[in-house]
Amino acid sequence: MSRVYNFSAGPAVLPEAVLKEAAEEMMDYKGCGMSVMEMSHRSKMFESIIQEAEADLRELLQIPDNYKVLFLQGGASQQFAMIPMNLMKNRVADYIVTGQWAKKAWKEAQKYGKANKIASSEDKTFSYIPDCSDLDISPDADYVYICENNTIYGTKFKTLPNTKGKILVSDVSSCFLSEPMDISKYGIVYGGVQKNIGPAGMVISIIREDLITEDVLEGTPTMLTYKTHADAGSLYNTPNSYCIYMCGKVFKWLKAMGGLSVMKERNERKAKLLYDFLDESHLFKGTVVPEDRSLMNVPFVTGNEQLDAKFVKEAKEAGLENLKGHRTVGGMRASIYNAMPMEGVEALVAFMKKFEKENA
């Protein structure tokens, strides 16, 4: 059978070259006679896999030496608790709520201290990014938190908030490695890998070393203390070893493609093709204000629920999978991550044009 174009928001499309390489190595990794799935995480062979993955990620993002890279289990959602447990020294933090995941993180933080919602775009179904140039930052806030790209609503921070000297913590799950970023502007950057980097089941956290201490909230479990994992090189317990291996393959693929500047240009071309069509279409329309549109997640609607459902059904029959929008937005959503080829977006736009003509 031929592969479909998979527009899923996550777990999401992976580079075919990576999947083929992993398939070839499935039974026997580099002549060791076993799969990476069967390999001891304490072995020399796996040690080289995790060390190379980290080195490649550091090169791609130009991560400064005073930041630790942690490969953690629990997904991005576990970070909603782990961040306040490790950072909330004053029991105060400021949250900018621009979507469902930032809202969940803000609610979770309320269990550990005073979590202030200092800006939100919920008044217009998270269809824009609020002005964050002069926010009322709490004087005693331990950090300011954002979700940089909103998977469900298709918005993206184009300018980071002015935190007025406070530590910036950012969830970059759905835009991770889609473009260059200046890690030094953040205290913590983290992302679930299942959207743009690898299979589900892991989060990568990049943390400034001075934030990794034993001074955590009382009762914080050993496994939820950043220092536990930093001191052990992400090998305190058995990690998600196969996921680390796959992420490492994707890092190599990204380097071979030319790095993050090239990926950004590629992603901009794909997104432009889709947004240009949405802007001229008489049937479909985007749901996000143009200046805050994500390059990764593109929600759109017809304005008619029955027609939306018909579109999703017929698109699936045409080999365009997972285009149903999130229930809070409705309509459709195309996630066009790094591994989605331009041909996939071209096929989607061609199908949309055909559907518009047939359903005018």
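Visitor: Tell me about helix 8 (residues 305–317), residues and numbers included.
Guide: Here helix 8 is 13 residues long and its end C-alpha atoms lie 19 Å apart, about the 18 Å a rise of 1.5 Å per residue gives. Of the surrounding secondary structure, the elements contacted by the buried residues of helix 8 are strand 12 (297–301), strand 13 (320–321), strand 14 (332–335) and helix 9 (342–358). Its side-chain oxygen 2.9 Å from the backbone nitrogen of Gln306, Asn304 forms the N-cap of helix 8. Note on helix 8: the residue one or two positions beyond its end, Gly319, has a positive phi of about 85°.

Visitor: Explain helix 1 (residues 16–25) residue by residue, including any values.
Guide: Looking only at helix 1, the buried set comprises Val18, Ala22 and Glu25. The buried residues of helix 1 occupy an angular sector of 65° when projected down its axis, which confines them to one face. Facing away from the buried side of helix 1, by more than 90 degrees, are the exposed residues Lys20, Ala23 and Glu24. Where helix 1 is buried, its residues meet helix 6 (241–257).

Visitor: Before we move on, could you go through the sheet that holds strand 11 (residues 285–286) and cite the residues and values that matter?
Guide: Taken in spatial order, the three strands line up as 11-12-14 in an open sheet, and their pairing is antiparallel. In the strand order of this sheet, the two ends are held by strand 11 and strand 14, each with one partner. Sheet analysis places strand 12 next to strand 14, joined by four bridges and oriented antiparallel. If you follow Val298 over to strand 14, its bridge partner there is Ala334. The strands touched by helix 7 (residues 260–280) within the sheet are strand 11, strand 12 and strand 14, with strand 12 carrying the most contacts at an inclination of about 20°.

Visitor: With reference to specific residues and values, describe the nonpolar core.
Guide: Counting 58 residues, the largest nonpolar core has Leu61, Ile96, Leu177, Ile204, Ile206 and Phe251 as its most contacted members. Contributions of two or more residues to this core are made by helix 1, helix 2 (44–61), strand 2 (67–72), strand 4 (114–120), strand 5 (144–147), strand 10 (203–208), helix 6 and helix 7. For this core, the element with the highest residue contribution is helix 6, accounting for ten residues. If you look at the next biggest cluster of nonpolar residues, it comprises 34 residues, including Ala93, Tyr95, Phe126 and Ile152.

Visitor: So, the packing of aromatic side chains: which residues are in play, and what are the values?
Guide: Applying the stated criterion across every chain yields a total of 13 aromatic pairs. Aromatic rings pair up to connect Phe277, Phe284, Phe300, Phe311, Phe351 and Phe355 into one cluster. One residue, Lys124, lies across the ring of Tyr128, its end atom 5.9 Å from the ring centre.

Visitor: Please provide a residue-by-residue account of the layout of surface pockets, values included.
Guide: Its boundaries defined by the atoms lining it, the largest pocket holds a volume of some 300 Å³. When the residues that make up the lining of the largest pocket are grouped by side-chain class, the tally is eight nonpolar, three polar and eight charged.

Visitor: Summarise the sheet that holds strand 9 (residues 188–192); cite the residues concerned and give the values.
Guide: With mixed pairing, the seven strands of this open sheet are ordered in space as 2-10-9-8-5-3-4. Each of the sheet's edge strands pairs with one partner strand only, and the pair in question is strand 2 and strand 4. Strand-to-strand twist of the sheet, defined as the mean angle between neighbouring strand axes without regard to direction, takes the value 20°. Here five bridges tie strand 9 to strand 10, and the two strands are oriented antiparallel to one another. Within strand 10, the residue paired with Ile188 across the bridge is Ile207. Helix-sheet contacts for helix 2 involve strand 2 and strand 10, and the interaxial angle to strand 2 is about 130°.

Visitor: Any details on the side chain of Glu148? Residues and values, ideally.
Guide: Mapped onto the secondary structure, Glu148 falls in the loop between strand 5 and strand 6 (149–150). At 3.0 Å, the side chain of Glu148 forms a polar contact with the side chain of Tyr186. For Glu148, the contacting residues outside a window of four places in its chain are Thr155, Lys156, Phe157, Leu160, Ser170, Asp171, Val172, Cys175 and Tyr186.

Visitor: For the pairing of strand 10, give the residues involved together with the corresponding values.
Guide: Of all six residues in strand 10, five are buried, a share of seventy percent or more. Alignment of strand 2 against strand 10, held across six bridges, turns out to be antiparallel. Bridge pairing in strand 10 places Phe71 opposite Ile204.

Visitor: A description of the packing of helix 2 against helix 6 should follow, citing residues and the corresponding values.
Guide: It is the contact of helix 2 with helix 6, at a shortest axis distance of 9 Å, that shows an interaxial angle of 40°. When the axes of helix 2 and helix 6 are compared, the pair comes out oblique. As for how helix 2 packs across helix 6, the hand of that crossing is left-handed. Mapping the contact onto sequence places Phe46, Ile49, Ile50, Glu52, Ala53, Asp56, Leu57, Glu59 and Leu60 in helix 2 and Ser241, Ile244, Tyr245, Gly248, Phe251, Lys252, Leu254 and Lys255 in helix 6. Across the contact of helix 2 with helix 6, the residue classes break down as ten nonpolar, two polar and five charged.

Visitor: Describe the side chain of Thr302, naming the residues involved and giving the relevant values.
Guide: Structurally, the position occupied by Thr302 is in the loop between strand 12 and helix 8. Within polar-contact distance, the side chain of Thr302 engages the backbone oxygen of Asn304 at 3.1 Å. Here Asp308 takes part through its side chain, which lies 2.6 Å from a polar atom of the side chain of Thr302.

Conventions and cut-offs
- Residues numbered from 1 in each chain as written.
- Predicted model: local features only at pLDDT ≥ 70, side-chain atom pairs only at ≥ 80, totals over all residues.
- Heavy atoms only, no water.
- Helix = DSSP H or I, 4+ residues; strand = E, 2+ residues; numbered from the N terminus.
- Expected span 1.5 Å × (residues − 1).
- Contact = heavy atoms within 4.5 Å.
- Polar contact = N/O pair within 3.5 Å; in protein donor to acceptor, adjacent residues only side chain to side chain.
- Buried < 20%, exposed > 50% of the residue type's maximum accessible area, 1.4 Å probe, protein only.
- Arc of directions from axis to C-beta.
- Pairing = 2+ DSSP bridges.
- Axes fitted to C-alpha atoms, helices over the stretch in contact; angles between N-to-C directions.
- Core = buried A, V, L, I, M, F, W, Y, C linked by side-chain atoms within 4.5 Å.
- Phe/Tyr/Trp six-rings, centres within 6.5 Å; stacked < 30°, edge-to-face > 60°.
- Lys NZ or Arg CZ within 6 Å of the ring centre and 35° of its normal.
- 1 Å grid on protein atoms, 1.4 Å probe; cavity = no way out; pocket = protein on both sides within 12 Å on 5 of 7 lines; lining within 4 Å.
- Points joined across faces, edges and corners; volume = space filled by probe spheres on them.
- Nonpolar A, V, L, I, M, F, W, Y, C, P; charged D, E, K, R; others polar.
- Parallel < 35°, antiparallel > 145°, perpendicular 65-115°, else oblique.
- Left-handed = near helix turned anticlockwise from the far one by under 90°.

Purely spatial values, then, with no claim about function.
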